[in-house]
Amino acid sequence: MELQQAHSHSKSTYIFFLITGIVLVAFNLRPAITSLGPLIGMIQEDVGLAHWSAGLLMSLPLIIFAVMSPIVPKIAAQLSNEKTLLIGLFSLLIGISIRSIPMTFFLFLGTLLAGTGIAIGNVLLPAIVKDKFPEKFGLLTSVYSTSMGLLASLASGISVPLAVGLDLGWQGAQVIWGLPAAIAIFVWFYLQKFNQEEPQGTKKTLGSTTSVWSSGLAWQIAIFMGFQSFLFYVTISWLPEILYSRGMSLETAGWMLSFSQLVGLPASFFIPVWAGRLRSQVWLAFMLNVCTLVGYIGLLFGSAYPIFITSIIFIGIGLGGTFPLALSYIGLRTRNANQAAALSGMAQSTGYILAAVGPLFIGYLFDHTHSWTIPLITLSLVTIIVMVFGMISGRDRTI
């Protein structure tokens, strides 16, 4: 009896630390990226970066994500999810630390290492949730996607106050974001030790996986996630400029970008829970993309502040919901954690290629037309593509 109680207590402790560990990893998946943009002017002035180099520095994490995402499941299959995640967290911590050295080489090396660490977390988090909480996949996806969004917004907002207000400089403001990685490392060391101490008979044997690269459904999810990422990163990059061209001050336009992310947080939390309770997510994908489409059309034809604010709310809800819906598909459309890891790697690789291309392509359209009309029409058409593939991916099937 006492042995059973001890085992139950040990299991409860493990579950607590596992959920804590998942949230801590989510905390680390965006700040190293979103904290960089507000500080890029200071970094350029201090290090002497040209504009094209600064642009490459901002795009480098997305390129790393695209390259690393298909490789991560193969590494995890050899080592284990926990050990691979620890490698990713160490890479992130070292990268953030190195990036604080005011030299071009270390800026790029640190960003490369940080991007590698984040790529590992991006891919493995859905697989770990699928493995450890198969019945609560939607709820845990809600928790970690919302945690990710909260820290991303916080990192964008407080990086300049940390650098200037607290006189930490851009280096100190960057190093601060290594603290969540250090805390996560300690938690995942414990979680890895617990797994090693599990009796051999209690470990799950996962079934063999179908190659996701030859699955039509996997490609549908990958295209859905890819073009959703295209829309998100284009909006993050160009929404302030679009609003500025419509007569809004740059400062207000910047706050509107933050507002769009905050508006999306409730959708980020509730959509995966809702999706997990439905056998089919077709109408969910349809309604979210209708919101996004209404938002872009409002920016295209609007001429007054109330219309712009309403449009931003619709865009925030639409984009805030489609990303966690895509993450939900990774668990809902796969049979086991190995398959989820493979699909996560494939879909995120495709996604970040399009994410890296998106801002450049839309910027190119603006440079050639000197107007945001064609870019906004393009975003509306891409939203329809996202809608179609989101609905197709939402049918009740598995790979």
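Because the structure is a prediction, the values reported are computed rather than measured.

Draft legend 1. Molecular detail of the confidence of the model for the protein chain. Mean pLDDT over the protein chain: 87, with 93% of residues reaching 70 or higher. Confidence, read as mean pLDDT per element, is least for helix α1 (residues 2–27) in the protein chain (78) and greatest for helix α16 (residues 373–393) (97). Taken as a whole, residues 198–209 scores under 50 in pLDDT and shows 15 contacts with residues more than four places along the chain or in a different chain.

Draft legend 2. Structural detail: the nonpolar core. Formed by 109 residues in total, the largest nonpolar core has its most connected members in Ile 22, Trp 188, Leu 243 and Leu 325. Excluding its chain neighbours within four sequence positions, the residues that come into contact with Leu 325 are Phe 224, Ile 271, Ala 275, Gln 281, Leu 284, Ala 285 and Leu 288.

Draft legend 3. Focus on the pattern of salt bridges. Counted according to the given criterion, the structure contains two salt bridges. Ionic pairing is found between Glu 82 and Lys 132, a salt bridge with its closest N-O pair at 3.7 Å. One end of the pair, Glu 82, is in helix α6 (residues 81–99); the other, Lys 132, is in helix α7 (residues 104–132), and 50 residues separate them in sequence. Using a relative accessible area of 23% as the deciding quantity, one classes Lys 132 as partly exposed. Taking the shortest distance from any N to any O, the salt bridge between Arg 279 and Asp 396 comes out at 2.8 Å. Of this pair, Arg 279 sits in the loop between α12 (250–277) and α13 (282–301) while Asp 396 sits in the segment after α16; the two residues are 117 residues apart in sequence, bridging distant segments of the chain. Judged by its relative accessible area of 65%, Arg 279 falls in the exposed class. A relative accessible area of 42% means that Asp 396 is categorised as partly exposed.

Draft legend 4. Examining α16 more closely. The first and last C-alpha atoms of α16 sit 30 Å apart over 21 residues, in line with the 30 Å expected at 1.5 Å per residue. All of the buried residues in α16 are Pro 375, Leu 376, Thr 378, Leu 379, Ser 380, Val 382, Thr 383, Val 386, Met 387, Gly 390 and Ser 393. The secondary structure elements touched by the buried residues of α16 are α11 (216–245), α13, α14 (305–332) and α15 (337–369).

Draft legend 5. Geometry of the side chain of Thr 146. Examined against the element boundaries, Thr 146 turns out to sit in helix α8 (residues 137–165). Separated by 3.3 Å, the side chain of Thr 146 and the backbone nitrogen of Phe 269 make a polar contact. Beyond its immediate chain neighbours, meaning those up to four positions away, Thr 146 contacts Leu 265, Ser 268 and Phe 269.

Conventions used here
- Residues numbered from 1 in each chain as written.
- Predicted model: local features only at pLDDT ≥ 70, side-chain atom pairs only at ≥ 80, totals over all residues.
- Heavy atoms only, no water.
- pLDDT = per-residue confidence, 0-100.
- Helix = DSSP H or I, 4+ residues; strand = E, 2+ residues; numbered from the N terminus.
- Contact = heavy atoms within 4.5 Å.
- Core = buried A, V, L, I, M, F, W, Y, C linked by side-chain atoms within 4.5 Å.
- Buried < 20%, exposed > 50% of the residue type's maximum accessible area, 1.4 Å probe, protein only.
- Salt bridge = Lys/Arg side-chain N within 4 Å of Asp/Glu carboxyl O.
- Expected span 1.5 Å × (residues − 1).
- Polar contact = N/O pair within 3.5 Å; in protein donor to acceptor, adjacent residues only side chain to side chain.

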